[in-house]
Structures are given as structure tokens and as C-alpha cells.
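Structural features, examined
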Amino acid sequence: MKNYISNLRNIATFAVILLHVTAPFVLQFNKISFASWQLTNFLDSMLRFGVPVFVMISGAVLLDRSEQLNSFLSKRIKRVFVPFLFWSVVYFIFSYAGYFQKLSVSQLFQILVSKLFKGTYYHLWYIYMILGVYLFIPIIRKWAQNSTKQEIQYFLLLWSITLFINTDVAKYIPSIEVLYFSKYLGYLVLGYYLDKYVATTKAKNTLYLMLFALGVTLTLVSTSYLSITENKLNITYYNYLSPNVCLMAIGIFLLGKSLLQKTNATLASLDSHSYGIYLAHVIVLHYIHRVISPVKIDTNSPLLLFTFIMAVSIITYLISYLLIRLLAVNKRIRPFVT
């Protein structure tokens, strides 16, 4: 595992947690001060790279490997699906604990099965998406490894066009069918391409930072303008499959490749538990909110709100890490939690 990949995964994991702490305040458009809302809009805009970078990391790590189909599927089931299934049941129990005495075992089982088809909690949507991407990896891997740099660039060009379908620019795109190149598969190939073909240098760090800043600015300004114009929250440009978010994901990925080549035992440990942290953090965040609920935060003060968001995010991240690390001490439990 390349050190920069490991470090990027840690950053993306924390970014997702910070995003989930920030999001409820973004939803309070017109309910908190405009300055506070713009702060949360800025944070939300800046953190949108998390999910795309996760997928890009999968592309960089998995598309360059050579392994048998059975081996690949077996590893993904053990590494991804088993913990996902375990935590899905945990979140089902967490959500429906109040109904256990009101419903029969048969009814609860039917609800569980129904929920498993869509997700027992909101953040698990990512696992359904990435499992779908993984199913295609044995096919796309052969293509990527046997394609020229120009052929991969051709794919990415067509994929980049599909990103505009999720924006207001969609009405200006010809009706040529390009959806075969769409969705998160593009981020998978993009991660492989940036890892394999783009040589980063410190001299270009400013360019990478500008790509990230441009993506953030476009997201921030577009969301702000549309929300103010319509007098209601418009999150069109928060979409992970939008060109502005893609720009910031590319910028972060290349910055990471250029700057994050060193690691240590602590960072490696955080990375090895990152999947478990992602799965567990929402339930940890719930109980943190319950503990601090008596504390009244002045949401009209941007400084206080920022301090609150950062503190809750850091505490959630650390507790989630400690929880997963503690559970993983038991070798029998470890495969189910991380």
C-alpha cells in the first residue's frame, strides 16, 4: 500500500465525519444567521471530495492488481460485505429498539429484510454504491491494464461530459447517449489514471491547490446563489457527480500524492480501521449529540458554530477509532467490525 493512499483515506474518512456534523446546520438555511449558514455552506462545499476520493483510492489500489475472479470476490465479501451486514443489523436494532415489544419477531425480520435492500441508515448508501462498483472491477480492470494512456483519457473525457448532466448545464448537452460512461465508475478509472500516469512534483502543488480551490469556490458560490435566488436551500452542486466536486477531488488526490508520502504507526493504524470508523461513526455521533444536547450553542455566531462543529467532529472520529480498535482486539469479532 502506497503511503499517500493510506493518508488520503484517513483524510477522506475525517472529511465525511466533518460533513455529517456540518450538514444539519446547512439545512437550516434562513433559520440561522446568514454568516453562520455561509460558514457551513463553505465547510460542506469544501468537504465534498470525501466520497469521490474513496472511490478513486479503490481505483488506484484495485485496478492495477492481477488476481483471479474468485479470489477478488472472496476478498471483497470478507473485507466489505461482512462488516457492512453486521453494522446494518446494528443500525436496524438502534433504529427499531423502541418497537421490539410492539412487533413480533416475524414482523421485525420482515422489516429488517426490507431495510437491507435499501439501507438501514443513511450513511450506508455508500456501501451499496461501492459494492456495485466492485462487481464491475474484474471487467474494467482488464480493460484498464490493456488500454493505452490515450484510451483511458478518452474514457475520462466522455465521463466528464456526463458530470454536467447533474447540473443546470444539462439542457445544453446534445441528446447523444453518453450515460454508459457515467456514475462512480468514472472516479474508479480516474483514481487509477492519476496514480499510474500523473507524476506529481512539488513545483505543481500550487496548481493542485488551485484545482481544489476552484472546485470549492464553484460549489460554494453556486449553492449560495441558487439558494438565495430561490429563497430555499438548493444543493444541486453538492452532487458528488458534478464537475465542480470532481475538480476538488482531483486537486486533493494530486496534493496527497505529492505531499503525503510519509507515514507512521499511528496513521497506519487509523487507516487500517478507517472502514470500521466510517461504519460506526453515525451511531457514535448520535450519542455524542445526546450527551451535549443540554449545551446551547449560539448558531448565530460563526466562530462558536465553527468551534462546535470541529470539536464534535474530532471527538466523533477519535471515539469511533477507539471503539473499532477495541472491538478488533478480539480476533473472532474483528472480521465483523472492520
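Quick notes on the rules
- Residues numbered from 1 in each chain as written.
- Predicted model: local features only at pLDDT ≥ 70, side-chain atom pairs only at ≥ 80, totals over all residues.
- Heavy atoms only, no water.
- Helix = DSSP H or I, 4+ residues; strand = E, 2+ residues; numbered from the N terminus.
- Rg over C-alpha atoms; globule rule 2.2 N^0.38 Å.
- Buried < 20%, exposed > 50% of the residue type's maximum accessible area, 1.4 Å probe, protein only.
- Phe/Tyr/Trp six-rings, centres within 6.5 Å; stacked < 30°, edge-to-face > 60°.
- Polar contact = N/O pair within 3.5 Å; in protein donor to acceptor, adjacent residues only side chain to side chain.
- Core = buried A, V, L, I, M, F, W, Y, C linked by side-chain atoms within 4.5 Å.
- Contact = heavy atoms within 4.5 Å.
- Expected span 1.5 Å × (residues − 1).
- Salt bridge = Lys/Arg side-chain N within 4 Å of Asp/Glu carboxyl O.
- Patch = residues over 30% accessible without salt bridge, like charges linked within 9 Å, V, L, I, M, F, W, Y side chains within 5 Å.
- Areas by Shrake-Rupley, 256 points an atom, 1.4 Å probe, with all protein chains shown as cover.
- Axes fitted to C-alpha atoms, helices over the stretch in contact; angles between N-to-C directions.
- Parallel < 35°, antiparallel > 145°, perpendicular 65-115°, else oblique.
- Left-handed = near helix turned anticlockwise from the far one by under 90°.

**A short note on the overall build of the protein**
Along the protein, the regular secondary structure elements total 14 helices and zero strands. Ordered by position from the N terminus, the helices and strands of the protein form the series α-α-α-α-α-α-α-α-α-α-α-α-α-α. In terms of overall dimensions, the protein is globule-like: its C-alpha atoms have a radius of gyration of 21 Å, near the 20 Å expected for 338 residues. Here the protein, with 338 residues, has 48% of them falling under the buried criterion.

**Quick word on the packing of aromatic side chains**
Considering all chains together, one arrives at 29 aromatic pairs under this definition. When the ring of Phe 29 is compared with that of Trp 37, the centres are 4.8 Å apart and the planes differ by 65 degrees; the resulting orientation is edge-to-face. Given a relative accessible area of 9%, Phe 29 falls into the buried group. Overall, the relative accessible area of 1% leaves Trp 37 in the buried class. Seen from their ring centres, Tyr 193 and Tyr 197 are 5.5 Å apart, and the 35 degrees between their planes marks the pair as tilted. With Tyr 193 and Tyr 197 both in helix H8 (residues 185-197) and four residues apart, this pair spans about one turn of that helix.

**Side note on the side chain of Arg 48**
Along the chain, Arg 48 turns up in the loop between helix H2 (34-46) and helix H3 (50-62). For Arg 48, a relative accessible area of 11% puts it in the buried group. A polar contact is formed between the side chain of Arg 48 and the backbone oxygen of Tyr 238, at a distance of 3.3 Å.

**Thoughts on the nonpolar core**
Counting residues in hydrophobic clusters, the biggest one holds 84 residues, and the most contacted among them are Tyr 126, Ile 127, Tyr 184, Tyr 187, Leu 190 and Phe 253. Among residues more than four places away in sequence, those in contact with Leu 190 are Met 56, Leu 156, Trp 159, Cys 246 and Ile 250.

**Examining helix H13 (residues 302-328)**
With 27 residues, H13 should reach 39 Å at 1.5 Å per residue; the first-to-last C-alpha distance of 39 Å fits that figure. Elements in contact with the buried residues of H13: helix H1 (3-26), H2, helix H4 (69-96), helix H11 (265-272), helix H12 (274-292) and helix H14 (334-337).

**Brief notes about unusual backbone geometry**
The residue Lys 183 is not glycine, and still its phi comes out positive at about 70 degrees. Along the chain, Lys 183 turns up in the loop between helix H7 (149-163) and H8. We classify Lys 183 as exposed; its relative accessible area is 54%. One non-glycine residue, Asn 231, lies in positive phi territory at about 60 degrees.

**Some points on the pattern of salt bridges**
Inspection of every chain in the model, using the stated rule, returns five salt bridges. Here Lys 2 and Asp 195 are joined by a salt bridge, their closest N and O atoms 2.9 Å apart. In this pair, Lys 2 sits in the segment before H1 while Asp 195 sits in helix H8, placing the two residues 193 residues apart along the sequence. For Lys 2, a relative accessible area of 43% gives the class partly exposed. For Asp 195, a relative accessible area of 10% gives the class buried.

**Section: the environment of Trp 143**
As for its position among the elements, Trp 143 is in helix H6 (residues 125-145). For the pair Trp 143 and Ser 6, spaced 137 residues apart in sequence, the C-alpha separation works out to 25 Å. For Trp 143, the residues in contact, after removing those within four places along its chain, are Glu 151, Ile 152, Phe 155 and Val 189.

**Quick word on a nonpolar patch on the surface**
Nonpolar side chains collect at one region of the surface, where Leu 69, Leu 73 and Leu 135 lie side by side and expose about 280 Å² of accessible area between them. Inspection of the secondary structure assignment puts Leu 73 in helix H4.

**Digging into H2**
For H2, with 13 residues, the first-to-last C-alpha span of 18 Å sits near the 18 Å given by 1.5 Å per residue. Inspection of H2 places Ser 36, Trp 37, Leu 39, Thr 40, Asn 41, Leu 43, Asp 44 and Ser 45 among the buried residues, and these make up the whole buried set. Of the surrounding elements, those touching the buried residues of H2 are H1, helix H9 (205-230), helix H10 (243-259) and H13.

**Here we look at the packing of H12 against H13**
For any two helices packed against each other, the geometry comes down to the angle between their axes and how far apart the axes lie. Orientation of H12 relative to H13, taken along the N-to-C sense of each, is 125 degrees, at an axis distance of 8 Å. Judged by the angle between their axes, H12 and H13 are oblique. Judged by the sense of rotation from one axis to the other, the crossing of H12 with H13 is right-handed. Between H12, through Gly 276, Ile 277, Ala 280, His 281, Val 284, Leu 285, Ile 288, His 289 and Ile 292, and H13, the contact on the second element is made entirely by Phe 308, Val 312, Ile 315, Thr 316, Tyr 317, Ile 319, Ser 320, Tyr 321, Leu 323 and Ile 324.

Structural measurements only, silent on function.
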